[in-house]
Amino acid sequence: MSKNNNNNKSTKCVHSGNLIDEKYHGNISPIYPSITYDFIESDVYPRYFNTPNQIGVCEKISDLENADLSLLFGSGLGAISTTMLSLLKKGDHIILQDSLYGGTINLVNTEFKKFGIEHSYVDVSEKDKLFASLRKNSKVIYIESPSNPLLNIIDLSSISDFAKNNNLVSIIDNTFASPINQNPIDLGIDLVIHSATKYLSGHSDILAGSVSGAKKKIEMIKSSGLNFGSNISEYTAWMLERSIKTLKIRVSTQNDSALNLSKFLFDNNFVSKVFYPGLENHKNHAIAKAQMHGFGGMLSFELNSNIDPIKFVQDLKIIKPTMSLAGVESTITSPVLSSHKKMDPEVRRGLGISDNLLRLSVGIEDFEDLMLDLDKALIKNGK
Ligand SMILES: *Cc1c(COP(=O)(O)O)cnc(C)c1O
């Protein structure tokens, strides 16, 4: 397991960036919901990313990601679109990993043409294909690791080298790993994005996003971002601060249970394939082990072809069939019927996403209960 800079994470989660209640000396950060401040003293305004609660949470995320600065947005996609559109202009080209979050693909496919921004999807783990995708006007490379839904792992150091050698800005969607399991900035990646809706929040009750990186790049995103206006409310920022306090212990439990569940599923006769980077037979296990601090709480598996995935999911009692992920409660989804529904079936199959694939987001329930829940539904549907 990678040892680089994973110290003091729980302490950072609890203490970094917290605001001091100077007037009443309360123990936790006050909420400053004011949208207007004394104009003689300051230029504070929520859309300028500079209100106290936003600054506090950003300091916490920056500390966890070993970044200079961070910005908060109203959603993960707000962070993604603002970051991309801040860095790209008409005539530029962006290289994208071929397996990305569905909403990101939708953003690129439906909006970028209007702005005259070119793009290519490429299997970035294949060096030849990666080099072939490079154009004179390439400006950005955008990746996701672990990726959805097959948990492919990209070698982050090789991507950052490629980006540096070719004058590209490298961006990673680090949502699936969370800052507990992976710190891409330590491996030379320029910008780290989170859908804070997922692990950073962890309770499936807020929508938020973040981007972290070096001062100069974040200042640039900030100056365009205040024109796009995809900002977060102070209440949500405060909720996020509270949520991140338990990030380390949540993710540690999720890592352990996901590894144990993936072993259980791997040994189960009703399951044909398991995708989890912590399994030694995962195709990218060695890279994952070298660059991650933990293997994460996400896994996916393929049911035997005679099992109806919908019936199976309906027979689960604890694990809930829901679209989203990374909550304290375990959830399961069919990528073919949700995140990858709009994708051309041929392309989908080419990526290895079968109709019988299910993606499990492991929560913090007792591992034995989760295992029994899966076991019972597998026996019932597998016979
Ligand atoms: C959910 C998600 C997003 C989008 O985040 P929203 O908060 O829903 O806008 C982006 N990337 C990944 C990997 C996600 O899981």
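Structural data are supplied above this passage.
Computed from a predicted structure; not experimentally measured. (Residues numbered from 1 in each chain as written. Predicted model: local features only at pLDDT ≥ 70, side-chain atom pairs only at ≥ 80, totals over all residues. Heavy atoms only, no water.)

Remarks on the overall build of the chain
Each helix and strand in the chain was counted, giving 14 helices and twelve strands. Radius of gyration (C-alpha) of the chain: 21 Å, near the 21 Å computed for a compact globule of 383 residues. Considering only C-alpha atoms, the chain reaches an extent of 75 × 55 × 35 Å along its principal axes. Scored against the burial criterion, the 383 residues of the chain give a buried share of 56%. The long-range fraction of contacts in the chain, counting pairs at least 24 apart against all pairs at least 6 apart in sequence, stands at 73%. Element-wise, carbon and sulfur atoms account for 54% of the exposed surface of the chain, whose accessible area totals about 17,000 Å². One way to put it: in the chain the 40 positive side-chain charges average out to a point 4 Å from where the 42 negative ones average out. (Helix = DSSP H or I, 4+ residues; strand = E, 2+ residues; numbered from the N terminus. Rg over C-alpha atoms; globule rule 2.2 N^0.38 Å. Buried < 20%, exposed > 50% of the residue type's maximum accessible area, 1.4 Å probe, protein only. Contact = heavy atoms within 4.5 Å. Areas by Shrake-Rupley, 256 points an atom, 1.4 Å probe, with all protein chains shown as cover. Lys, Arg positive; Asp, Glu negative; His and termini not counted. Charge placed at Lys NZ, Arg CZ, Asp CG, Glu CD.)

Considering the pattern of salt bridges
Counted according to the given criterion, the structure contains seven salt bridges. A salt bridge links Glu111 to Lys114, with the shortest nitrogen-to-oxygen separation between them at 2.6 Å. Note that Lys273 is salt-bridged to Glu302, the shortest N-O span being 3.9 Å. Here Glu302 lies in strand β9 (residues 298-303) and Lys273 lies in strand β8 (residues 271-275), a separation of 29 residues in the sequence. Exposure remark for Lys273: the relative accessible area of 43% places this residue in the partly exposed category. Three or more residues joined by partner-sharing salt bridges are found here, namely Lys89, Asp92 and Lys139. (Salt bridge = Lys/Arg side-chain N within 4 Å of Asp/Glu carboxyl O.)

A few points about the packing of aromatic side chains
Given two aromatic rings, their pairing is described by the distance between the two centres and the angle made by the two planes. Taken as a whole and judged by the stated rule, the model has five aromatic pairs. Between Tyr45 and Tyr48 the ring centres are 5.4 Å apart and the planes differ by 65°, which places this aromatic pair in the edge-to-face class. Judged by its relative accessible area of 32%, Tyr45 falls in the partly exposed class. An angle of 65° between the planes, with centres 5.4 Å apart, marks the rings of Phe49 and Phe73 as edge-to-face. Of this pair, Phe49 sits in the loop between α1 (9-15) and α2 (52-65) while Phe73 sits in strand β1 (residues 69-73), placing them 24 residues apart in sequence. For the pair shown, Phe49 and Phe73 are each scored as buried. (Phe/Tyr/Trp six-rings, centres within 6.5 Å; stacked < 30°, edge-to-face > 60°.)

Thoughts on the packing of helix α3 (residues 76-87) against helix α8 (residues 215-228)
At a closest axis distance of 9 Å, the pairing of α3 and α8 adopts a crossing angle of 115°. Judged by the inter-axis angle, α3 sits roughly perpendicular to α8. Between α3 and α8 lies a crossing of right-handed hand. Two secondary-structure elements touch here, α3 through Thr82, Thr83, Leu85, Ser86 and Leu87 and α8 through Met220, Ile221, Ser224, Gly225 and Phe228. Residues belonging to the contact of α3 with α8 are distributed by class as follows: five nonpolar, five polar and no charged. (Axes fitted to C-alpha atoms, helices over the stretch in contact; angles between N-to-C directions. Parallel < 35°, antiparallel > 145°, perpendicular 65-115°, else oblique. Left-handed = near helix turned anticlockwise from the far one by under 90°. Nonpolar A, V, L, I, M, F, W, Y, C, P; charged D, E, K, R; others polar.)

Quick look at the nonpolar core
One finds Leu265, Leu299, Phe301, Phe312, Ile332, Leu360 and Leu374 to be the most contacted residues of the largest nonpolar core, which totals 30 residues. Elements supplying a minimum of two residues to this core: α10 (247-266), β8, β9, α12 (309-314), β12 (357-361) and α14 (367-382). Here this core takes five residues from α14, the largest share from any one element. Setting aside its immediate chain neighbours within four residues, Phe312 contacts Phe301, Leu303, Ile307, Ile332, Leu358, Leu374, Ala377, Leu378 and Asn381. One finds Phe112, Val140, Ile171 and Met343 within the second-largest nonpolar core, a separate group that totals 26 residues. (Core = buried A, V, L, I, M, F, W, Y, C linked by side-chain atoms within 4.5 Å.)

A look at the environment of Ser201
Examined against the element boundaries, Ser201 turns out to sit in the loop between β6 (191-195) and β7 (209-213). Residues Ser201 and Arg242, spaced 41 residues apart in sequence, show a C-alpha to C-alpha distance of 8.5 Å.

Remarks on the sheet that holds strand β10 (residues 320-321)
On the basis of which strands lie adjacent, the open sheet formed by five strands has the order β8-β9-β12-β11-β10 and mixed pairing. At either end of the open sheet lies a strand with only one pairing partner, and these are β8 and β10. Relative to β12, β9 runs antiparallel, the two sharing five bridges. From the neighbouring strand, Glu302 faces β12, where its bridge partner is Leu357. Of the strands in this sheet, β8, β9 and β12 are in contact with α10, which crosses β9 at around 10°. (Pairing = 2+ DSSP bridges.)

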